[in-house]
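For reference, the chains in residue letters:
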Amino acid sequence: MRTFIPTAVLCVCMLGYQAARSQQATAPKADTAAQVAASTYEHLATAIIAIEATEDELVKSVLIGYHSAAQGHLKAAARDAQGRVGHLEAAAAEVTNIGNEGDKRIQAVRQRLAKAGHTHNTDVETKSDYLFVTNKEKKGLLDLASKIGRAGANATAGELDELGAELARRFEAAIAPE
């Protein structure tokens, strides 16, 4: 990913240069620089939009992975009385990752992007940046993670199924298009 963005920018610039070279014979000299700049800028805008769409899909796939892992741990907790607490703690950690839109490694990348001025959606109340999970949804997911973590060794299969269903509802709401 590190080499993809500079490579994409280089490709866009080369496309702009090629467009400028092919237009030199037909375009008047006074308009050539403005046309080249506009064409190059248009190509750059297209590349930036494509890269942001790719980032959205990547983050969404990461969140889907966390959701799948959390649901797997909830199902395992229902089947494994001996390891139930461990599975519940692991499920709670995965739900927390959903609420935070990533684990510590993902958060470090997001912070780096934010420092470089790359933002997404800004929560009106908290002014925090997010891709999918709003502050309200985050609070609900973190509350659910806490509830899952406290379910304990005596949680019934029915209670665990309810937690899984609540997670599914909250997750679908969080990743649904706005």
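(A) Examining the overall build of the protein chain more closely. Along its length, the protein chain carries six helices and two strands. Going residue by residue from the N terminus, the α and β elements of the protein chain occur as α-α-α-α-β-β-α-α. Evaluated residue by residue, the protein chain yields a buried proportion of 31% over its 178 residues. Sequence separation of at least 24 residues holds for 67% of the intrachain contacts in the protein chain that already meet a minimum separation of 6. Roughly 11300 Å² of accessible area belongs to the protein chain as shown, and the carbon and sulfur atoms make up 59% of that amount.

(B) Structural detail: the pattern of salt bridges. Going through the model one piece at a time under the given rule, you end up with five salt bridges. Measuring nitrogen to oxygen at the nearest pair gives 3.0 Å for the salt bridge that ties Glu166 to Arg170. Highlighted residues: Glu166 and Arg170, both in helix α6 (residues 157–175), separated by four residues, approximately one helical turn. With relative accessibility at 34%, the residue Arg170 sits in the partly exposed group. Here the salt bridges do not stand alone but share partners, grouping Lys147, Glu166 and Arg170 into one network.

(C) Layout of helix α4 (residues 104–115). End to end, α4 covers 16 Å across twelve residues, agreeing with the expected 16 Å (1.5 Å per residue, within 8%). Phi for Gly117, located one or two positions after α4, is positive at around 95 degrees.

(D) Seen up close, the confidence of the model for the protein chain. With 81% of its residues at a pLDDT of 70 or more, the protein chain has an overall mean of 86. Here helix α1 (residues 4–23) stands out as the element of the protein chain with the lowest mean pLDDT, 55, in contrast to helix α3 (residues 84–99), whose mean of 97 is the highest.

(E) Quick look at the nonpolar core. Core analysis: the biggest nonpolar cluster contains 25 residues, and Leu63, Val95, Ile148 and Leu167 have the highest contact counts within it. For this core, the secondary-structure elements that each account for two or more residues are α2 (29–79), α3, α5 (135–150) and α6. Not counting chain neighbours up to four residues away, the residues in contact with Ile148 comprise Leu74, Leu88, Ala91, Ala92, Val95 and Leu163.

(F) Representation of the side chain of Arg84 in the model. Position of Arg84 relative to the elements: it lies in helix α3. Although Arg84 is buried, it makes no salt bridge; Asp80 carries the closest opposite charge, 7.3 Å away. Of note is the side chain of Arg84, whose polar atom sits 2.7 Å from the backbone oxygen of Ala77. At 3.3 Å, the side chain of Arg84 and the backbone oxygen of Ala155 are in polar contact. Setting aside chain neighbours within four positions, we find Arg84 in contact with Ala77, Ala78, Gly152, Ala153, Ala155 and Leu160.

(G) View of the packing of α5 against α6. Where α5 meets α6, the closest approach of the two axes is 10 Å, and the angle between their N-to-C directions is 160 degrees. Classed by the angle they form, the pair α5 and α6 counts as roughly antiparallel. When the axes of α5 and α6 are compared, the crossing they make is left-handed. Between α5, through Glu137, Gly140, Leu141, Leu144, Lys147 and Ile148, and α6, the contact on the second element is made entirely by Leu163, Glu166, Leu167, Arg170, Ala173 and Ala174. Broken down by class, the residue content of the contact of α5 with α6 amounts to seven nonpolar, one polar and four charged.

How each quantity is defined
Residues take numbers from 1 onward in each chain, read along the sequence in its written order. Where local features are concerned, this predicted model is filtered to residues with pLDDT of at least 70; where side-chain atom pairs are given and counted, the filter is 80 or more; whole-chain, interface and lining totals use all residues. As a convention, hydrogens and water are excluded, and side-chain values are obtained from all of the structure's heavy atoms. Think of it this way: any DSSP run of H or I at least four residues long counts as a helix, any run of E at least two long counts as a strand, and we number them from the N terminus. A 1.4 Å probe rolled over the protein chains alone gives each residue an accessible area, and that area as a share of the maximum for its type sets the label: buried under 20%, exposed over 50%, partly exposed in between. Any pair of residues with heavy atoms lying within 4.5 Å of one another is described as a contacting pair. Per-residue and other accessible areas follow the Shrake-Rupley method at a 1.4 Å probe size, with only the shown protein chains counted as cover for residues. Any carboxyl oxygen of Asp or Glu within 4 Å of a side-chain nitrogen of Lys or Arg constitutes a salt bridge here. In this scheme, a helix's expected span is set at 1.5 Å multiplied by one less than its residue total. Per-residue confidence from the predictor is reported as pLDDT, a score between 0 and 100. Residues belong to one nonpolar core when they are buried, are Ala, Val, Leu, Ile, Met, Phe, Trp, Tyr or Cys, and are joined through side-chain atoms within 4.5 Å. For the purpose of charge, His is not counted, nor are the chain termini; Lys and Arg are scored as positive and Asp and Glu as negative. Here a polar contact is taken to be a pair of N or O atoms separated by no more than 3.5 Å, where protein atoms must pair a possible hydrogen donor with a possible acceptor and residues adjacent in sequence count only if both atoms sit in side chains. Interaxial angles span 0 to 180 degrees and are taken between N-to-C directions of axes, which are lines fitted to C-alpha atoms, for helices over the stretch in contact. Roughly parallel refers to an angle under 35 degrees, roughly antiparallel to one over 145, roughly perpendicular to one between 65 and 115, and oblique to any angle outside these ranges. Working rule for handedness: look at the near helix, and if it is turned counterclockwise from the far one by less than a right angle, call the crossing left-handed; if clockwise, right-handed. Amino acid classes used here: Ala, Val, Leu, Ile, Met, Phe, Trp, Tyr, Cys and Pro are nonpolar; Asp, Glu, Lys and Arg are charged; the rest, including Gly, are polar.

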